[in-house]
Amino acid sequence: MKEIRKDIQDIQTSEKSLFQEETILEHPFACTKRMEVLSQIKEAVQSGVNLILLTGEQGSGKTVLCRLLEQELAPSSTTVFFSQAVDSFEDVVRSITMQLGVEGEAGGEDEDIGFAVQQISDFLLTESRDLLIIFDEAENIFLATLERIRRMLEQIIGSGARVHILLSGRKTLLENCDQISIGDFQNTREQHFDLAPLSYAETADYLRNVAVWQSDVDASKVFSDAVIKEIYGHAQGNLGMTNTLGQDALKSPSD
């Protein structure tokens, strides 16, 4: 389920931008620290962790990391990716049933929704499939919807099916999850990952590694120590802003 945002695609119309989600997904991720987090999340999923929280500030690379995880697990897992905060729990269940091709339809009644969730569980057990559900911008999900998602997770796990939910969002997500943790979630294994800002050294490595993908660019000249220092001074380790400034540097290497 590739949903590259239009504002990213329009950064450059005449040529593909190096510092954008679409390009980065086509290459090994150039940021070592982010690759380490990706490896840890993948290991958590494969070891049976059911609920994973990924937090970081805007522009920290959460969405790219989620997309890379989707790619990594594609052969063995069905992924349902919610790229924006969901409006309702009914929409969540409906999207999952559609993605899996399950006949159960989530209507407006609790009985219909419960039946659809049971259909999802039965499908996963019959097909012996793992299900990965990724919610981006999860800090914007209503608490009532978030709690119902947690209860759905508990129900599917209780049936014996293999399901994993990744909630990705800003750090306020942790506060929201704490508010619903008073519920009786006995079967859920949880793990939290946080994306810290890039250090100066990580910023330098990232910029130069990405520039190597463009054969006619001398990364050492475009991203000199002075340029990297300037970029880091503005971005302060924020990956999104680093990408924007890095692309500006490629466009005007003499400036």
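Report on the accompanying structure. What you are looking at is a predicted structure, and each value in this text was computed from that prediction instead of being measured. (Residues numbered from 1 in each chain as written. Predicted model: local features only at pLDDT ≥ 70, side-chain atom pairs only at ≥ 80, totals over all residues. Heavy atoms only, no water.)

Take Thr172: it is sitting in helix H8 (residues 172–180). Since its relative accessible area comes to 39%, Thr172 is described here as partly exposed. Through-space distance from the C-alpha of Thr172 to that of Gly56 is 9.6 Å; in sequence the pair is 116 residues apart. (Helix = DSSP H or I, 4+ residues; strand = E, 2+ residues; numbered from the N terminus. Buried < 20%, exposed > 50% of the residue type's maximum accessible area, 1.4 Å probe, protein only.)

Ranked by size, the top nonpolar core spans 34 residues in total, and within it Ile96, Leu131, Ile133, Phe135, Met152, Ile165 and Leu167 carry the most contacts. Looking at this core, the elements that each hand over two or more residues are strand S1 (51–55), strand S2 (77–82), helix H5 (89–100), helix H6 (110–127), strand S3 (130–135), helix H7 (143–158), strand S4 (162–169) and H8. Here the element with the most residues in this core is H7; it accounts for 6 residues. Look past the residues within four positions of Leu131 in its chain and what remains in contact with it is Ser77, Thr78, Val80, Ile96, Leu100, Ile120, Leu124, Arg162, Val163 and His164. Counting 20 residues, the second largest nonpolar core, distinct from the first, contains Val45, Cys66, Leu73 and Phe81. (Core = buried A, V, L, I, M, F, W, Y, C linked by side-chain atoms within 4.5 Å. Contact = heavy atoms within 4.5 Å.)

The next subject is unusual backbone geometry. Although it is not a glycine, Ser128 sits at a positive phi angle of roughly 50°. Within the element layout of this structure, Ser128 appears in the loop between H6 and S3. The class of Ser128 is partly exposed, set by a relative accessible area of 49%. Of note in the backbone geometry, Glu137 takes a positive phi value of approximately 55° without being a glycine. Glu137 sits in the partly exposed class, given a relative accessible area of 35%.

The subject of this paragraph is the sheet that holds S3. Spatial ordering of the open sheet is given by S2-S3-S4-S1-S5, a layout of 5 strands whose pairing is parallel. The sheet is open, and its two borders are formed by S2 and strand S5 (190–194), each paired with just one other strand. Going from strand to strand, the sheet's axes swing by 15° on average, the running direction of each strand aside. Relative to S3, S2 runs parallel, the two sharing 6 bridges. Bridging from a neighbouring strand, Phe82 pairs with Phe135 of S3. This element, H8, spans S1, S4 and S5 of the sheet and lies at about 145° to S1. (Pairing = 2+ DSSP bridges. Axes fitted to C-alpha atoms, helices over the stretch in contact; angles between N-to-C directions.)

Turning to the environment of Ala201, a few remarks are in order. Assignment of secondary structure puts Ala201 in helix H9 (residues 200–212). Separated by 31 residues in sequence, Ala201 and Tyr232 place their C-alpha atoms 9.6 Å apart.

So, about the packing of helix H11 (residues 225–235) against helix H12 (residues 239–251). Interaxial distance between H11 and H12 falls to 9 Å at its minimum, and their mutual angle equals 145°. Crossing of H11 over H12 shows right-handed handedness. Across the interface between the two elements, Val227, Ile231, His234 and Ala235 of H11 pack against Met241, Thr242, Leu245, Gly246 and Ala249 of H12. For the contact of H11 with H12, the per-class residue count stands at 6 nonpolar, 3 polar and no charged. (Left-handed = near helix turned anticlockwise from the far one by under 90°. Nonpolar A, V, L, I, M, F, W, Y, C, P; charged D, E, K, R; others polar.)

On to the pairing of S3, then. In terms of burial, S3 is largely enclosed, as 6 of its 6 residues are buried. Burial of S3 is two-sided: the residues Asp130, Leu132 and Ile134 facing one way and the residues Leu131, Ile133 and Phe135 facing the other way are all buried. Direction of pairing for S3 relative to S4: parallel, over a ladder of 6 bridges. Bridge assignment links Leu132 to a residue of S4, and that residue is His164. With H7 bridging S3 and the parallel S4, this β-α-β connection has right-handed handedness. (Right-handed = clockwise from strand over helix to strand, strands pointing away.)

Right, let's get into the pattern of salt bridges. Oppositely charged side chains can pair when the atoms bearing their charge come close. For the coordinates displayed, the defined rule picks out 10 salt bridges. Between Lys42 and Glu72 there is a salt bridge, with its nearest N and O atoms 2.9 Å apart. Linking Lys42 in helix H3 (residues 32–46) with Glu72 in helix H4 (residues 62–73), this pair joins segments that are 30 residues apart in sequence. Classification of Glu72 by relative accessible area gives partly exposed; the value is 37%. Between Asp130 and Arg162 there is a salt bridge, with the nearest N and O atoms lying 2.2 Å from each other. Of this pair, Asp130 sits in strand S3 while Arg162 is found in strand S4, placing the two residues 32 residues apart along the sequence. With relative accessibility at 17%, the residue Asp130 sits in the buried group. (Salt bridge = Lys/Arg side-chain N within 4 Å of Asp/Glu carboxyl O.)

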